[in-house]
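Spelled out, the chains give:
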Amino acid sequence: MKATFVKTYVAVALLGGLAAYIYFVESKKPATVEGEKKKEKLFTFDKAKAREITLAPKGADGLHLVKEGGSWKMTAPASVAADGSEADSLVMSFEGLESDETIDEKPAKLSDYGLEKPRNSISVVVEGTKEPLTLLVGDKTPDSAAVYAKLPSQAKVFTIASYAEGSFTKKPFDLRDRSLFHMKRDAVKTVEITGPDGAYALARSDKGEWAFTKPVATKAGRWSIDSFLGTLENLKMESVAAEEAKDLKPFGLDKPARTVALGLVDGSTQKIEIGSSPADKKYNVRDVAKSLVAVIPNALVDDLAKGMKELREKRVLDVAAYDVEAFEVETSGSPKRIFVRTSSKDKDGIEVSKWKRTAPDTKDLETNKVQDALFKVGGVETQEFLDAPAADSTYGLDAPALKVSVRYAAGKPATWFAIGKKDGVAYARRPDDGAVLKLDSTKAEDLIKAFTDL
């Protein structure tokens, strides 16, 4: 009985201590101010109707951007095209501004907050409004987490987050259009390049396939050309060497080291010239239609220095097994064999592909075995391009050890490749390709075996 009493006493004591602790902690918490103000949106307008942006930082050139039609233009401190995405980003940041806290409803001295002569002023003119929407920005708060700000039409001083104010700390170069090429890669029809390693040109067919047109007609790698065009599409100047270059010689542009010219689907052309290097890993460049000389980083020049080999289709054939509808195989001393893919749905409604040999006999095949053979095609790469080849007999291509003709689904044009062997060396040919490809003999033999065994 006594033991039970002691246990009960201890439990009550613990509960009492816990209650006292909770009371002590809760009593120290700051009371919530009734009607405490929350963040407040400063501006509400249709971003699509923004027509002008003005940034007026204290002690620096003011920036003024105007939207003409669908494009932004900088009118101050210089008259140049503006970066549309940067201008739209400014408008978006301005429209999203919120006040964090009201500091002073009726400030005695604006100078206490750095607002007598604001550190920055941001204005946006919106179509359909009489006055521009303006924010005045003053000093930072003591903890630097926010800045003091106000609207010209109101007396009160409030704060906005420092990161929000940072969105409007821009220099003229930040907002000007820095692109060297104004195009999308899908709009490019032809490419012509000159440089110390020679000249070459490419063209895109109506089916979207790229091929070289000079110095030899040969296939281009679709991923490598797409990557190269992406580099051009995103090429931006790093700085301006001269706004109006009267003499191109100091920039090495009187006799450019390299040129890149693009023909677009609308019939227009764009061309840049690349000159000397003003600093390590940087180059002078200009759009031939303009007098501005810009400086670009070395990435493009490094790509161009690799020559046309970098853009060639190195694989014997770029094959995706899921795209192949049928193929024919011809090997030395054997009749032509034809393989066809059929599709059906299993009990769960999932589409399943099956392969069948339809000539010279009929036989169901292991799908994985067929797909492995097709997959191996993409694994055989060119070791050397022979751009001025001799007769096919020189490479065993007059009687190929293997010829595979591929038919694709969805209207993609049919194609083929042939592999010949001569003196222990393997070679390949492709349609509409003036070059003969020298292959790794081991991989070529493995490919021949994979198709022979089907």
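Anything mentioned here points back to the structure above.
Residues numbered from 1 in each chain as written. Predicted model: local features only at pLDDT ≥ 70, side-chain atom pairs only at ≥ 80, totals over all residues. Heavy atoms only, no water.

Asks: So what's going on with the overall build of the chain? Which residues, and what values?
Replies: Regarding its fold elements, the chain presents eight helices and 29 strands. Taken against the 2.2 N^0.38 rule, which gives 22 Å for 454 residues, the C-alpha radius of gyration of the chain at 35 Å runs more than 25% over that of a compact globule. Along the longest, intermediate and shortest principal axes, the C-alpha atoms of the chain span 100 × 100 × 45 Å. By sequence separation, contacts in the chain at least 24 residues apart represent 57% of the contacts at least 6 residues apart. Carbon together with sulfur atoms contributes 52% to the accessible area of the chain, which is approximately 25,500 Å² in total. (Helix = DSSP H or I, 4+ residues; strand = E, 2+ residues; numbered from the N terminus. Rg over C-alpha atoms; globule rule 2.2 N^0.38 Å. Contact = heavy atoms within 4.5 Å. Areas by Shrake-Rupley, 256 points an atom, 1.4 Å probe, with all protein chains shown as cover.)

Asks: Provide a residue-level description of the packing of helix α7 (residues 367-377) against helix α8 (residues 441-452), including the pertinent values.
Replies: Interhelical geometry of α7 versus α8 gives an angle of 155 degrees and a closest axis separation of 9 Å. Between α7 and α8, the interaxial angle falls into the category roughly antiparallel. Considering only the axes of α7 and α8, their crossing is left-handed. Between α7 and α8, the residues in contact are A373, L374, K376 and V377 and D446, L447, A450 and F451, respectively. Residues of the contact of α7 with α8, tallied by class, amount to six nonpolar, no polar and two charged. (Axes fitted to C-alpha atoms, helices over the stretch in contact; angles between N-to-C directions. Parallel < 35°, antiparallel > 145°, perpendicular 65-115°, else oblique. Left-handed = near helix turned anticlockwise from the far one by under 90°. Nonpolar A, V, L, I, M, F, W, Y, C, P; charged D, E, K, R; others polar.)

Asks: Please give an account of the pairing of strand β29 (residues 436-439) that cites residues and values.
Replies: With four bridges joining them, strand β25 (residues 382-386) and β29 adopt antiparallel strand pairing. Bridged to F385 within β29 is L437. For strand β28 (residues 425-429) and β29, the ladder comprises three bridges, and the chain directions are antiparallel. Pairing of A428 across the sheet is with L437, part of β29. Counting the residues between successive antiparallel strands, the hairpin from β28 to β29 contains six residues, one of them, D432, with a positive phi of roughly 55 degrees. (Pairing = 2+ DSSP bridges.)

Asks: Tell me about the packing of aromatic side chains, residues and numbers included.
Replies: The tally for this structure, following the rule as stated, stands at nine aromatic pairs. Centre to centre, the rings of Y200 and F212 are 6.0 Å apart; their planes meet at 55 degrees, and the pair counts as tilted. Here Y200 is found in strand β13 (residues 198-204), whereas its partner F212 is found in strand β14 (residues 210-214), with 12 residues between them in sequence. Residue Y200 shares its accessibility class with F212, and that shared class is buried. What links up through ring pairs into an aromatic cluster is the set F43, F45, F94 and F168. The residue whose ring lies beneath R312 is F385, and the NZ or CZ to ring-centre distance is 3.8 Å. One cation-aromatic arrangement involves K403 over W416; the distance from NZ or CZ to the ring centre is 4.8 Å. (Phe/Tyr/Trp six-rings, centres within 6.5 Å; stacked < 30°, edge-to-face > 60°. Buried < 20%, exposed > 50% of the residue type's maximum accessible area, 1.4 Å probe, protein only. Lys NZ or Arg CZ within 6 Å of the ring centre and 35° of its normal.)

Asks: Can you break down the sheet that holds strand β8 (residues 120-126) residue by residue, with the values?
Replies: Here we have nine strands laid out as an open sheet, ordered β5-β4-β3-β2-β8-β9-β10-β11-β7, and antiparallel in their pairing. Looking at strand neighbours, the two that pair on one side only are β5 (80-81) and β7 (101-104), the edges of this open sheet. In this structure, strand β2 (residues 50-55) lies alongside strand β3 (residues 63-68), joined through four bridges in antiparallel fashion. Looking across to β3, one finds that E52 is bridged to V66. Along the sheet face, helix α2 (residues 84-95) touches β2, β3, β4 (71-76), β8 and β9 (133-140) and points at about 85 degrees away from the line of β2.

Asks: Give a description of unusual backbone geometry that names residues and reports values.
Replies: Backbone phi values are negative for most residues with the exception of glycine, while trans is the configuration of most peptide bonds. Here the bond from A76 into P77 is cis, since omega is 5 degrees, no more than 30 degrees from zero. Across the junction of K214 and P215, the peptide omega takes the value 5 degrees, indicating a cis bond. Assignment of secondary structure puts P215 in the loop between β14 and β15 (218-219). Located in the positive-phi region is K281, a residue other than glycine, with phi close to 65 degrees. Here K281 is to be found in the loop between β18 (269-274) and β19 (282-287). With a phi close to 55 degrees, D423 is a non-glycine residue in the positive phi region. Take D423: it is sitting in the loop between β27 (415-422) and β28. A residue is classified by how much of its surface remains accessible, and D423, at 75% relative accessible area, is exposed.

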